[in-house]
Amino acid sequence: MAAVTALRKAPQAAQSVAVEISGVSHAFDLGGSRLPVLDSIDLSVAAGEFVALLGPSGCGKSTLLRLVSGLEQPSSGKITADGSPIDRPDPSRILVFQDPTLFPWATVWSNVATGLDARGVLAQQRAGVDAALDLVGLRAFSGAYPHQLSGGMAQRAALARALVNDPALLLLDEPLGKLDSLTRLSLQAELVALWRKAGFTAILVTHDVEEALLLSSRVIVLTERPARIKAEFRVERPYPRHRDDADLVILRRQILATLGLAT
Amino acid sequence: MSNAIETLDGGAANSPASLSGLQQAIWTNGLLAAAAWAAAALVTVGLPDVVPWGSAGLFAAITAGGAAVFAALAFIVRRLGRTGDAIVHYGPWFIAIGVWFALWELTTAKLGWLPKPFFSPPNGLLNVYVAEAPRLLVCIAYTLRLWSLGFVSGVVVGYAAGVALGWSKRFSYWGMPILKLIGPVPATAWIPCTFFFFPTTFAASVFIVALASGIPVTILTSSGVAAVNRAYYDVGRNLGAPNWYLISKIAVPASLPHVFVGLFMGLYYSFAVLVVAEMLGAKFGLGWYIQFQTAYSGYANVYATLVIMSLICAGIVKLLFVARDQLLNYQKGFI
Ligand SMILES: Nc1ncnc2c1ncn2[C@@H]1O[C@H](COP(=O)(O)OP(=O)(O)O)[C@@H](O)[C@H]1O
Ligand SMILES: [Mg+2]
């Protein structure tokens, strides 16, 4: 796809990055008491891998992604990207939130351009913004405001806002969680296609076992809060995958059983 | 069922339909407005004055002119498109204004129920504009100068302070308690010490207006900046935005709706203190003029000036509304 090549032309360095999470624990201050959220998480994600995190609501999945993005520092333990510690947010690692969090006062184009604008490189890379919009099929809505978009379009715009920076690591926090099932299906397929073409490393938080199986090469199941790693499943099926794939059906039953939802 | 009956009826009775069509083409309220304005003109020239006020002929000419315009509009307004629709919308107001002019003229100049000098007929106010135009124009200029210097400086300083208070913990640590102490004090209460601190009374007046408009802007801006969704900052930081970018491209636009609330409040406060500020030994200005004329029982002049002030204030408020609608255009979907 032409759009993908245009994105690739961006001068940023690494295509993908290996993430090493070692002994990470995290707790929040709740007015005096401490709320432990993550409990000694160890996880290696290889460069270019697509890992899915599954776990009960409120167990600490979003927190883990925020730590990996560098927006927050863990209470203890270490997180590295290609060996160097992650101690601040960086546009090579981009977190896509569950809410699109587009700026309501800016057009879709300006929203997608935010990262380039903030780093002062927008003038040289305006074509990149158009390419990213093409990629998510929103070129025609460049001049629209976020409130004029449907939920799925807004989520696509948020994805374009991340991709335009050519991230080496894409952190997806239930990005499709609020969408209707048809939009979900098409965006899942688009995500896989994007990842396979662009080659970044991806960590996806989801509460949907099927989604995890369709997208990822490894599914990590977390426990209740404070989250520990409970189980790990390799998904060694070729892409694009089909939800009725016999192996995936078996895996799904195993994962649901691990989550305590045996059928 | 009833629909079918109506259609049948409409087909049968042809002439009543064309009659109502004619009524549709004529704007009845326009004719009524013309009658009311003509009545005002007739009352003004046709009845003897209890007390003469001047400019009666001019006032009668203006109201008669108005009557002629409404009479003409009654026949053509339907063909004027959107402007015509707007005129039709205000039809009842035009009638009411004509009636009001006629009654006002009757009760003051003609019957003397509302006596001189406390009341004045409409031509009395008109006479003030005719006789005092040069002086009033100078006063308007002085008032606008005082107001714009005070309001603009108050808003600029107040906005900057508000952004700093909302953004920086250290600013807020020192600034918030001070703002909470100063904020509720009416700006005019500072008049005694402003005379001590400012070299001229004009500077002191500007300061009072600035204070009145700046404080609400500061309060609303700081709370607006502090209330910006944290997730927007996370997005910005994640995309590599430095602090100045987070402030200017995220905090500032995100807090704009709050800022406008502060601006409207500041606007009203600034008008309220304007008259008081102009009483501080000023030599010109609408507030000064009102005070001066009150002292000499020139109530017609006072009323005439009040009309000017309310028109100016309403005009400025309207301008701010237009600016807000332009800048917050993106919100259309939410409101
Ligand atoms: N900034 C915060 N301060 C205090 N508690 C928080 C904060 N962020 C998250 N938590 C708490 O941490 C726990 C895990 O949250 P989160 O990581 O969002 O869970 P989820 O797995 O649903 O994404 C929740 O109980 C939440 O209330
Ligand atoms: Mg979450």
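Residues numbered from 1 in each chain as written. Chains lettered and ligands numbered in written order. Predicted model: local features only at pLDDT ≥ 70, side-chain atom pairs only at ≥ 80, totals over all residues. Heavy atoms only, no water.

**A few points about the site of ligand 1**
Residues and elements named next belong to chain A. Every residue near ligand 1 is listed here: Phe28, Leu30, Leu35, Val37, Ser57, Gly58, Cys59, Gly60, Lys61, Ser62, Thr63 and Arg225. Take Cys59: an N or O atom from its main chain is 3.2 Å from an oxygen atom of ligand 1. Contact between ligand 1 and Arg225: an oxygen atom at 2.8 Å from a side-chain N or O atom of the residue. Surface burial for ligand 1 is 64%, taken as the share of its 560 Å² of free accessible area covered by protein chains. Taken together, the elements giving at least two residues each to the shell around ligand 1 come down to strand 1 (19-30), strand 2 (33-45) and helix 2 (61-69). For the shell around ligand 1, the leading source of residues is helix 2, giving three residues. (Near = heavy atom within 4 Å. Polar contact = N/O pair within 3.5 Å; in protein donor to acceptor, adjacent residues only side chain to side chain. Areas by Shrake-Rupley, 256 points an atom, 1.4 Å probe, with all protein chains shown as cover. Helix = DSSP H or I, 4+ residues; strand = E, 2+ residues; numbered from the N terminus.)

**Concerning the domain arrangement of chain B**
All names here are of chain B. Parsing chain B into structural domains produces domain 1 (16-129) and domain 2 (133-327). Here domain 1 and domain 2 have C-alpha centroids that lie 38 Å from each other. Here domain 1 meets domain 2 over a buried area of about 790 Å², counting both sides, of which 70% is carbon and sulfur. For domain 1, the biggest contributors to the area lost against domain 2 are Leu125, Val128 and Tyr129; these three give 63% of the whole. Our count for the contact surface shared by domain 1 and domain 2 stands at zero salt bridges. Scanning the region where domain 1 abuts domain 2 turns up three residue pairs in polar contact (both at pLDDT 80 or more). When grouped by side-chain class, the residues that make up the side of domain 1 that touches domain 2 number seven nonpolar, two polar and no charged. (Domains from an automatic or database assignment. Buried area = accessible area lost by both parts, 1.4 Å probe. Salt bridge = Lys/Arg side-chain N within 4 Å of Asp/Glu carboxyl O. Nonpolar A, V, L, I, M, F, W, Y, C, P; charged D, E, K, R; others polar.)

**Digging into helix 8 (residues 246-258) of chain A**
Residue and element names in this part refer to chain A. When the terminal C-alpha atoms of helix 8 are compared, their 19 Å separation across 13 residues agrees well with the 18 Å that a helix rising 1.5 Å per residue should span. Buried residues of helix 8: Leu248, Leu251, Ile255 and Thr258, and no others. Looking down the long axis of helix 8, one finds its buried residues gathered within 75 degrees of arc, a one-sided arrangement. Where helix 8 begins, one side-chain oxygen reaches toward the backbone nitrogen of Asp247, 2.9 Å away; that side chain belongs to Asp245. In the stretch just after helix 8, Gly260 is the one whose phi turns positive, near 80 degrees. (Expected span 1.5 Å × (residues − 1). Buried < 20%, exposed > 50% of the residue type's maximum accessible area, 1.4 Å probe, protein only. Arc of directions from axis to C-beta.)

**A look at the confidence of the model for chain B**
Residue and element names in this part refer to chain B. Residues with a pLDDT of 70 or more make up 92% of chain B, whose mean pLDDT is 89. Here residues 1-14 is a poorly scored stretch, pLDDT under 50, and it has zero contacts once near neighbours within four places are set aside; other chains count. Among the prediction metrics, the complex's ipTM stands at 0.89, with pTM recorded as 0.82. (pLDDT = per-residue confidence, 0-100. Contact = heavy atoms within 4.5 Å.)

**Overview of the sheet that holds strand 1 of chain A**
Residues and elements named next belong to chain A. With antiparallel pairing, four strands are arranged side by side in an open sheet as 2-1-4-5. Each edge of the sheet is formed by a strand with only one pairing partner; in this case those strands are strand 2 and strand 5 (84-85). For strand 1 and strand 2, the ladder comprises nine bridges, and the chain directions are antiparallel. Among the inter-strand pairings, Leu30 is bridged to a residue of strand 2, identified as Ser33. Docked against the sheet, helix 2 engages strand 1, strand 2 and strand 4 (76-81), running at close to 120 degrees with respect to strand 1. (Pairing = 2+ DSSP bridges. Axes fitted to C-alpha atoms, helices over the stretch in contact; angles between N-to-C directions.)

**Focus on the sheet that holds strand 8 (residues 201-206) of chain A**
Residue and element names in this part refer to chain A. Here we have six strands laid out as an open sheet, ordered 6-7-8-3-9-10, and mixed in their pairing. If you trace the sheet from one side to the other, it starts and ends with strand 6 (93-96) and strand 10 (229-234), each paired once. Direction aside, the axes of adjacent strands within the sheet are offset by 15 degrees on average. Pairing geometry for strand 6 and strand 7 (residues 169-173), over four bridges, is parallel. The partner of Ile94 across the bridge, within strand 7, is Leu170. Along the sheet, helix 5 (residues 151-163) contacts strand 6 and strand 7; its crossing angle with strand 6, the most-contacted strand, is approximately 170 degrees. Here helix 8 sits on the sheet and contacts strand 3 (50-54), strand 9 (218-222) and strand 10; the angle it forms with strand 10, its principal contact strand, is near 180 degrees.

**Looking at the interface of chain A and chain B**
The interface is formed by 23 residues belonging to chain A together with 19 residues belonging to chain B. Buried surface at the junction of chain A and chain B, summed over both partners, amounts to about 2,000 Å²; 67% is from carbon and sulfur atoms. It is A:Trp105, A:Ala118 and A:His147 in chain A that bury the most area against chain B; as a group they hold 32% of the surface buried on that side. Applying the counting criterion to the chain A and chain B interface returns two salt bridges. Among the salt bridges present, the one from A:Asp117 reaches B:Lys249, with a minimum N-O distance of 3.1 Å. Where chain A packs against chain B, one counts seven residue pairs in polar contact (both at pLDDT 80 or more). If you list the elements that add at least two residues to the side of chain A that touches chain B, you get strand 6 and helix 3 (108-118) of chain A.

**Digging into the packing of helix 5 of chain A against helix 6 (residues 181-198) of chain A**
Residues and elements named next belong to chain A. In the contact formed by helix 5 and helix 6, the axes pass within 11 Å of each other and the chain directions differ by 15 degrees. By the criterion of interaxial angle, the relationship of helix 5 to helix 6 is roughly parallel. Seen from above, helix 5 lies across helix 6 with right-handed handedness. Between helix 5 and helix 6, the residues in contact are Gly152, Arg156, Leu159 and Leu163 and Thr183, Leu187, Glu190, Leu191 and Leu194, respectively. Of the residues contributing to the contact of helix 5 with helix 6, the split by class is five nonpolar, two polar and two charged. (Parallel < 35°, antiparallel > 145°, perpendicular 65-115°, else oblique. Left-handed = near helix turned anticlockwise from the far one by under 90°.)

**A look at the pattern of salt bridges**
Applying the stated criterion to the full structure yields 20 salt bridges over all chains. As a salt-bridge pair, B:Glu132 and B:Arg135 come within 3.4 Å of each other at their nearest N and O atoms. Residue B:Glu132 and its partner B:Arg135 are located together in helix 7 (residues 122-167), separated by three residues, close to a single helical turn. Residues joined in a network through salt bridges with shared partners are A:Arg66, A:Glu72, B:Asp234 and B:Arg237.

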